[in-house]
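Below are the chains, spelled out letter by letter.
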Amino acid sequence: MREESLSESLEELIGITPDQKLMAYARSLFASVLDAPDGIRIQTIHGFCQHLLRRFPIEAGISPHFSVMDTRTEEEMLTEAKIRLFSQDSDINPELKKALYELAQTTTEKSFHEILQEAIKNKHKFLKLLHNKAGLQNAKYDLYSLLDIEETITEQSLINEYFAYDDLTLHKLRKAASVMLQSTKTDKARGEKIAAWLSYRERTPEHIEEYAQAFINSKDEYIEKLFTNNCFNDEALKQAILSEAQRFQRFDRKMRSLKMATRTSNLLVITHALLAQYEAQKTAHAKMDYDDLILTANSLLQTKAISAWVLYKLDGGIDHILVDEAQDTSPAQWQIIQALTQEFFAGESSRKIQRSLFIVGDEKQSIYRFQGADVQALQRMQNFFIQKIHDSGNTAKRKFLKTSYRSLPAILQAVDNVFLQPEARSGIMFTDSPLEHIAHRNSHTGYVELWPLISREDEKNTSAKNQLVRQIANSIEQWLSNGMMLESKERPVNAGDIMILVRTRTDLVDKLARALKRRNIPVAGIDRMKLSDNLVVQDLIALGNFLILPDDDLTLACVLKSPIGNISEDALFELAYNRSGQTLWQRLAQA
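Residues numbered from 1 in each chain as written. Predicted model: local features only at pLDDT ≥ 70, side-chain atom pairs only at ≥ 80, totals over all residues. Heavy atoms only, no water.

Attention shifts here to the side chain of Asp416. On the secondary structure map, Asp416 appears in helix 19 (residues 409–418). Ignoring anything within four residues of it in the chain, the contact list for Asp416 reads Leu435, Glu436 and His437. (Helix = DSSP H or I, 4+ residues; strand = E, 2+ residues; numbered from the N terminus. Contact = heavy atoms within 4.5 Å.)

Let's shift gears to the pattern of salt bridges. This model, assessed by the stated rule, comprises 21 salt bridges. As a salt-bridge pair, Lys140 and Glu95 come within 2.8 Å of each other at their nearest N and O atoms. With Lys140 in helix 9 (residues 133–146) and Glu95 in helix 6 (residues 94–106), the pair connects residues that are 45 residues apart, well separated along the chain. Residue classification places Lys140 among the buried positions, given a relative accessible area of 9%. Residue classification places Glu95 among the partly exposed residues on the basis of a relative accessible area of 24%. In this structure, the salt-bridge partner of Asp507 is Lys465, at a minimum N-O distance of 2.7 Å. Here the residue Asp507 occupies a position in helix 22 (residues 507–518), and Lys465 occupies one in helix 21 (residues 464–481), the gap between them amounting to 42 residues. Asp507 gets classed as partly exposed once you look at its relative accessible area, which sits at 37%. (Salt bridge = Lys/Arg side-chain N within 4 Å of Asp/Glu carboxyl O. Buried < 20%, exposed > 50% of the residue type's maximum accessible area, 1.4 Å probe, protein only.)

Two elements in contact, helix 5 (residues 71–86) and helix 7 (residues 109–121), have axes separated by 12 Å at closest approach and are oriented at 125°. Here helix 7 runs oblique to helix 5, going by the angle between their axes. Judged by the twist between their axes, the crossing of helix 5 over helix 7 is right-handed. The segment helix 5 lies against helix 7, with Leu78, Lys82 and Phe86 engaging Phe112, His113, Leu116, Gln117 and Ile120. Residues that form the contact of helix 5 with helix 7 fall into these classes: five nonpolar, two polar and one charged. (Axes fitted to C-alpha atoms, helices over the stretch in contact; angles between N-to-C directions. Parallel < 35°, antiparallel > 145°, perpendicular 65-115°, else oblique. Left-handed = near helix turned anticlockwise from the far one by under 90°. Nonpolar A, V, L, I, M, F, W, Y, C, P; charged D, E, K, R; others polar.)

All right, on to the environment of Trp585 then. On the secondary structure map, Trp585 appears in helix 26 (residues 584–590). Between the C-alpha atom of Trp585 and that of Asp551, which follows or precedes it by 34 residues, the distance is 6.9 Å. The contact partners of Trp585, leaving out residues within four places of it in the chain, are Phe546, Pro550 and Leu556.

Moving on, we come to the side chain of Asp289. Residue placement: Asp289 occurs in the loop between strand 2 (287–288) and helix 15 (290–302). For Asp289, a relative accessible area of 1% gives the class buried. Residues in contact with Asp289, not counting those within four places in the same chain, are Met69, Glu74, Lys123, His124, Tyr278 and Lys282.

All right, on to the pairing of strand 3 (residues 320–323) then. Of the two faces of strand 3, the one holding Ile321 and Val323 is buried and the one holding His320 and Leu322 is not buried anywhere. Across four bridges, strand 3 lies against strand 4 (residues 356–359) in parallel orientation. Note that in strand 4 the partner of Val323 across the bridge is Ile359. (Pairing = 2+ DSSP bridges.)

Rendered as structure tokens:
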């Protein structure tokens, strides 16, 4: 590269005019990379953890020949774990049998498997919580303590505790119920529920579900007005019903806590057994998933008896650490970074080199909290590393990048205005500083228009969705017919300049397309073909299935009837009829 070109490139890169010494150093960098004994190694954190565990498998307590599972293998192994779980002899684990039975009684087949899938998605949180039998028992104890429920309590014992009426209370309630039976239709229906409840000699959980309808409405809310104004002339009877409602509410809150504790406890038992099967299969096949890489490497680096040796060996290989998307970094990943940077700030290294830690993140863009990311850790770790760097006598710099190279000033200003309110800002930021964006494209124009919320049908019974479709289509029609100018292009807007963004493709997209086409506005980009629904693709899949299993007569018949074989019904019948035990393929081969 010529001197002038190199100087211009460096100035654009670092923001200052380079001198001869800096230019000479820049020219030497490429040669340094070529001369490096092992080349320059750039790794993701998962790649680094895999490399680390390959070097120290014995210290990490894993098989030296482990392999990392892909998503499909992981799903297959989890499915196999579920099959083994449900196939277990119930006498071996009666606690598991009870948990499966009770959870199946309160969920549908679909929701039951959805619950298990949700537990599996959070398997490493559960593994940390339920690492052994003692961990399971401790978790159940903490659960019941949190909900203020004793583990020995049952639904029946709770009913017996709260509805042990004395004779006077029972008399007043029966009399109040008889009065309600003589009142309005609503009072009568509620009186029937109360009278039926009081008539039982032994009140069971099945009875309480019917009795609850006297005090809880269809929206699962406590009924405030339990009777009409003219229902009772006797104040004592009125108070008896009101007191019973308060008793029921106290009972109901306790019952809900009990059900929550019981079902969560059952889920813990099932998840503990399921993950035990899953972990056993991984160990047997020397498999690790991506979370295992992080957690096992972190465990290795946190074990005092081993970590010093491991870090000493690593000290000759890590020069720079870049943490990108730091707002979505999990606590375990931060711990690995902390361990690796110990020697960065601990004084003399085994090599004379200036090492660096570069962290990039934006708390407003955190989207992986469901995978264990801790956005608040970004602020904590920034402060931690800055203090560490200062303590080591080095320089730490914190830069705030406020310039946006994508959006327009009007859009950025609208966003900033939304988050001016502290209540809104607290949902995306953990500091009190105002949200501020600077538009790089400050000469470009833009416009943000907020429409009133449409939440109900209009006077013509048009649904909210159809109202929105009509409003969008009418607005676009007006833009095009009125020749609204697109200032950035210095011409009127045309249909190709307009993009409609939706969160998900629902029927709203189809309604919009129809509404625009009725107004003669061209629409593109909504067509989407699902390959497996295409007849040609289905025929090719059938052909592939036949080639894998030639004895499958039905699949071969489908292929022959398709355009691939293109034979008639009569020809297929003649081929298939009276084959004397031959497969259709064998008969076809002889034809």
